[in-house]
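If you want the building blocks of each chain, they are given just below.
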Amino acid sequence: MQRPTIRTDELDLAPHIVWLDSQTDFAGWRDAARQLALSGTRPEDISWQVTTGSAQRQNSLPAVPSEARLVVPREFIERAETAFCHSDPGRFAFLYRFVWRLRLEPKLLAIASDGDTRRLETMEKAVRRDIHKMRAFVRFRSIGEGTDERYVAWFEPDHFIVERNAAFFVKRFTGMRWTILTPHASADWDGERLAIGPGATKGDAPAQDDTEALWRTYFENIFNPARLKVKAMQKEMPKKYWRNLPEASLIPELIAGADKVAKDMIARMPTTPAPHHAKIQAKHWPRREPDKAPEDDDASSISELREAAEGCRRCPLWRNATQTVFGEGPDDAKVVFVGEQPGDQEDLAGKPFVGPAGKVFDAILDDAGVDRQKVYVTNAVKHFKFEPRGKRRIHSKPNAGEVRACRWWIDRELQLIKPDLVVALGATAAQSLLGNAVPVTKMRGEVMQREDGLRVFITIHPSFILRIREPADKEAERERFLQDMKRVKRLMAA
Amino acid sequence: MSALPVREKLAILSDAAKYDASCASSGSAKRDSLKSGGIGSTEGMGICHSYAPDGRCISLLKILLTNFCIYDCSYCINRSSSNVRRARFTIDEVVRLTMDFYRRNYIEGLFLSSGVIRSPDETMGEMVEVARRLRLDEKFSGYIHLKTIPESSPELIEKAGLYADRLSINVELPTDEGVRKLAPEKKPETIRLSMARLRRKMEEKAEPTLRTKKRERFAPGGQSTQMIIGADKTSDDGILQASARLYGSYHLRRVYYSAFSPIPDSSSSLPLQKPALMREHRLYQADWLIRFYGFSQPEILAGSSDGMLDLAIDPKLAWALRNRGRFPVDINSADREALLRIPGLGTKVIAKILATRHHRRLRLEDVGRLCHSIAKLRPFIIAEGWSPGALTDKQGLRDKIVRSCEQLSLF
């Protein structure tokens, strides 16, 4: 990557020669570029040179007229600083030409299809990639022991990136003493201070490290010969890096042997089970009893019924849900509240009415003086039905078939609890409890008597309150629901 | 067994770990060692420190604590009936290997998984101990990914989340039926419950605590999962349905698809063939369309005859060919959502198009300069001075595009 600086100063006919202190002297370039642009110096009249050796050279730049103004977007400075690390010797002139154009075309950076904007981006990309690859492919070798232990790496970047990249290594390897040597520059961290030094040669770095044998073992074994994709590997890890990677010398052999290993794996007949297999099976997986069918009608308590419902397959809703969300509350509750179906939060928690609607419901019950601990809450449908939309699950209404299938559980819950009153929260619950669709808003507040004598109080689902946007309407609806709950309390007492 | 040298254990236990596709070291919180004076940092984006000839990135030290296992999942090299050599690392050995590799800049961190020995809690407990020692004793700030054993106790999972960047639980196969058939001891219900528990925990810890007003650390890199493709008969549509459900339900950062790969000493109940790498690739592309391009899952394969992704062309092009009525799209006026639907245009190029067209109208050549090839998108766009005319509805358009893209293909 080291390109000899061509000494063109004697030959150069450009009116202005600018000397930069080093290949990475961005500050020097920026100061000179500002002054040159302000004085109206055309790009073709400047020759950019990098000082070789230790001689400092003074630049004599044209005077700047006092009224001159130059505005360059901050974005350009940042991007130019990255592109400046590129090894292209023409970069100083190119970046100055860009400044020159920006004076008249302030939006130039946004024109992605412009030739110069693309070139800037290509240079930045190359530098960023080189920085990234350095972070990836630097390999430290350890020397010394105990308090003398140090880690030294030899790396050959394409561009002048050591200075720009050193902070990354400081932050990552703070607790180590390390040195990264490259042909252009070196970076050294003694545990407290970072020092940038001159370039070095490969011979200055240690020649080996015992841990590399373990790393090579890992590399060999993490490779899956049945999935050979050499091009994909080389795209990300081009051969130019291989000479400094301790694992890379294994690659040709691994590639050459892969096809045979993979074919052998496929061709080899499966062997008989390992000797310990039977013992493990007997110890850990004694023959499972056949799954208890949920049809089992012999549940004599809510907890037995809940257990039976865990594996419910009466409708296909179990497939997408996490779990059955069964009812909750005392076996001898006087009142049972029936909602529609569990939502996102209920599906995760396995408990009914714990999501946003459940919180509204709890608060209103509390205001009405109904003790949540003494009532039983459940849903008409016990699995969450939804459509996935990215990271959200959109509630979908259960259909008549799903409601009918799940009635099996509601019926048994009611048989075991024998409540005085059931509250149908919303249309789905009413449909489940009464066997047919009911206009909830019309019949709200009514008490229906079922054929089996059970009284069913009809009202809305608390999620209805959540969906109202207008605060006044929302408050009014909450108040109506509160009155409903107060009536439920009176009916409970009756 | 304990007499095995570390190098041999490493050979056995990395060979045993390589069938897990996930290796990402990204998505965690940014941190470094400046304050602690320890070792390690994480950036938003992970770093691949090497590449194996299978084209896969080597970012983490991916190993099993042990490949002894009481489960007998037929697709797994470590199943109890397999005749592979077995080994078991000590906690100390894993900690030392991780630190030795990290200090030499071989890795971004550790991805620790394990066969289940004796009980899920005992195994999970040892994995958590490795993470604890790395964080507290070694002052290690690199990346830690722990594979979570679904049956282990909530207390252990909580501890795991305290030390790890990412936790993952494998759903193993796209359908419950598949799991029951090929991994008879695993319970899909338990796996779902564990993922649900992880999501709740992550949401709970994302809230500042009442007392300290600070957020407690819990797996900042989120959770992910893997499913094996091609070991059962699930169609691509079924697979994408399963992953859409998983993303929505458990807020996974990633679903990894791993083409079933023949393993040494494989079970006779499996298809013994080369892994379907192209199918895997197309599934990842479709997954991307759903997560970053505004496609809904049912859209991807709507109108296809067999519910399978076309192996010869990418899923967006296949979708566009099936929905030609929505094209051509005017590159100079269409909104971002419409641009995202154009085959051959990625999110970055679209951002550039949107920025550039404020200042000038784009010609076909301009678009060509911004993206790799215009062969794919020519029939689908209108640009200044360019209209595809009847090309959009031409018979044989698919084959024409396939031919012009062939030399550009990676495979």
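Note that this is a predicted model, so its numbers are computed, not measured.

Caption draft 1: Region of interest: the overall build of chain B. Within chain B, the regular secondary structure consists of 14 helices and 10 strands. Against the compact-globule benchmark of 22 Å for 411 residues, chain B has a radius of gyration of 24 Å, which places it among compact chains. Here the C-alpha coordinates of chain B stretch approximately 70 × 55 × 40 Å along the principal axes. Burial status across chain B gives 52% buried among its 411 residues. Long-range pairs, those at least 24 residues apart, make up 68% of the contacts in chain B with a sequence separation of at least 6.

Caption draft 2: Spotlight on the sheet that holds strand β14 (residues 455–459) of chain A. Residue and element names in this part refer to chain A. Across the sheet, which stays open at both edges, the 5 strands sit in the order β9-β8-β12-β14-β13 with mixed pairing between neighbours. Unpaired on one side and paired on the other, β9 (376–379) and β13 (447–449) mark the two borders of the sheet. The average undirected angle you get between the axes of adjacent strands in this sheet is 25 degrees. Across the sheet, helix α14 (residues 427–434) lies against β8 (335–339), β12 (421–425), β13 and β14, angled at about 135 degrees from β12, the strand it touches most.

Caption draft 3: Representation of the pairing of strand β7 (residues 194–198) of chain A. Residue and element names in this part refer to chain A. Counted residue by residue, β7 has 0 buried out of 5 residues, so it is predominantly exposed. Of the pairings in the sheet, the one linking strand β6 (residues 185–189) to β7 comprises 5 bridges and is antiparallel in character. Across the sheet, residue D188 finds its bridge partner in β7, namely A195.

Caption draft 4: Highlighting the interface of chain B and chain A. The interface of chain B with chain A comprises 76 residues on the first partner and 68 residues on the second. Elements with a minimum of two residues in the side of chain B that touches chain A: α1 (6–15), β1 (50–51), β3 (60–64), α2 (91–103), α6 (188–206), α7 (236–250), α12 (347–356) and α13 (364–370) of chain B. When its residues are assigned to classes, the side of chain B that touches chain A shows 28 nonpolar, 26 polar and 22 charged.

Caption draft 5: Structural detail: unusual backbone geometry. Here the residue pair B:F327 and B:P328 is connected by a cis peptide bond, since its omega of 0 degrees sits within 30 degrees of zero. In this structure, A:F353 takes a positive phi of about 55 degrees despite not being glycine. Among the secondary structure elements, A:F353 is positioned in the loop between α11 (344–349) and α12 (356–368).

Caption draft 6: Layout of α1(B). For α1(B), the full list of buried residues reads B:K9, B:L10, B:I12, B:L13, B:S14 and B:D15. Contacts made by the buried residues of α1(B) are with α6 (211–222) of chain A together with β3 and α2 of chain B.

Caption draft 7: Region of interest: the environment of B:V367. All names here are of chain B. Note that V367 resides in helix α13. For V367, a count of 25 C-beta atoms within 10 Å corresponds to the buried category. The spatial distance from the C-alpha of V367 to the C-alpha of M195 is 43 Å, given a sequence separation of 172 residues. Excluding residues that lie within four positions of it along the chain, V367 makes contacts with I331, L362, I374 and A383.

Caption draft 8: A look at the nonpolar core. Core analysis: the biggest nonpolar cluster contains 164 residues, and A:I180, B:L13, B:L61, B:L112 and B:A131 have the highest contact counts within it. Residue contributions to this core peak at 7 residues, all from α7(B). Setting aside chain neighbours within four positions, we find B:A131 in contact with B:I144, B:L146, B:A160, B:Y163 and B:A164. Of all hydrophobic cores here, the second largest spans 41 residues; its members include A:V325, A:V335, A:V381 and A:V423.

Caption draft 9: Broad picture of the domain arrangement of chain B. All names here are of chain B. By domain assignment, chain B separates into domain 1 (6–301) and domain 2 (315–408). The C-alpha centroid of domain 2 is placed 37 Å from the C-alpha centroid of domain 1. Opposite the 9 residues of domain 1 that make contact, domain 2 presents 6 residues. The set of elements that each furnish at least two residues to the side of domain 1 that touches domain 2 consists of α8 (277–292) and α9 (297–301). Broken down by element, the residue count for the side of domain 1 that touches domain 2 peaks at 5 residues, all from α8.

Caption draft 10: Quick peek at the sheet that holds strand β5 (residues 143–147) of chain B. Residues and elements named next belong to chain B. Read across the sheet, 6 strands follow the order β3-β4-β5-β6-β7-β8 without closing on themselves; strand pairing throughout is parallel. With partners counted over all chains shown, the strands left at the sheet margins are β3 and β8 (254–259), one partner each. Adjacent strand axes in the sheet meet at a mean angle of 20 degrees, parallel and antiparallel pairs treated alike. Across 5 bridges, β3 lies against strand β4 (residues 109–113) in parallel orientation. Paired with L64 across the two strands is S113, which belongs to β4. The strands touched by helix α3 (residues 120–137) within the sheet are β4 and β5, with β5 carrying the most contacts at an inclination of about 170 degrees.

Caption draft 11: Inspection of α12(B) at higher detail. Residue and element names in this part refer to chain B. Every buried residue of α12 is accounted for by I350, K352, I353 and T356. All buried residues of α12 fall inside an arc of 160 degrees around its axis, so they share one side. Pointing more than 90 degrees away from the buried face of α12 are the exposed residues T347 and K348. Residues of α12 that are buried sit in contact with α11 (336–340) and α13.

Caption draft 12: Representation of the environment of A:A368 within the structure. Here A:A368 lies in helix α12. Here the alpha-carbon distance between A:A368 and A:K489, two residues 121 residues apart in the chain, equals 7.6 Å.

Caption draft 13: Geometry of the pairing of β8(A). Residue and element names in this part refer to chain A. In terms of burial, β8 is a largely internal element, 5 of the 5 residues being buried. Covered by surrounding structure in β8 are V335, F337 and G339 together with V336 and V338, the residues of both alternating faces. Here β8 pairs with β12 via 4 bridges, running parallel. Of the residues in β12, the one forming a bridge with F337 is V423. As judged from the 4 bridges shared by β8 and β9, these two strands associate in the parallel manner. Each residue of the ladder has a partner; that of V338, found in β9, is T378.

Cut-offs used in this document
- Residues numbered from 1 in each chain as written.
- Chains lettered and ligands numbered in written order.
- Predicted model: local features only at pLDDT ≥ 70, side-chain atom pairs only at ≥ 80, totals over all residues.
- Helix = DSSP H or I, 4+ residues; strand = E, 2+ residues; numbered from the N terminus.
- Rg over C-alpha atoms; globule rule 2.2 N^0.38 Å.
- Buried ≥ 20, exposed ≤ 12 C-beta atoms within 10 Å, placed from the backbone.
- Contact = placed C-beta atoms within 7 Å.
- Pairing = 2+ DSSP bridges.
- Axes fitted to C-alpha atoms, helices over the stretch in contact; angles between N-to-C directions.
- Nonpolar A, V, L, I, M, F, W, Y, C, P; charged D, E, K, R; others polar.
- Core = buried A, V, L, I, M, F, W, Y, C linked by C-beta atoms within 7 Å.
- Domains from an automatic or database assignment.
- Arc of directions from axis to C-beta.

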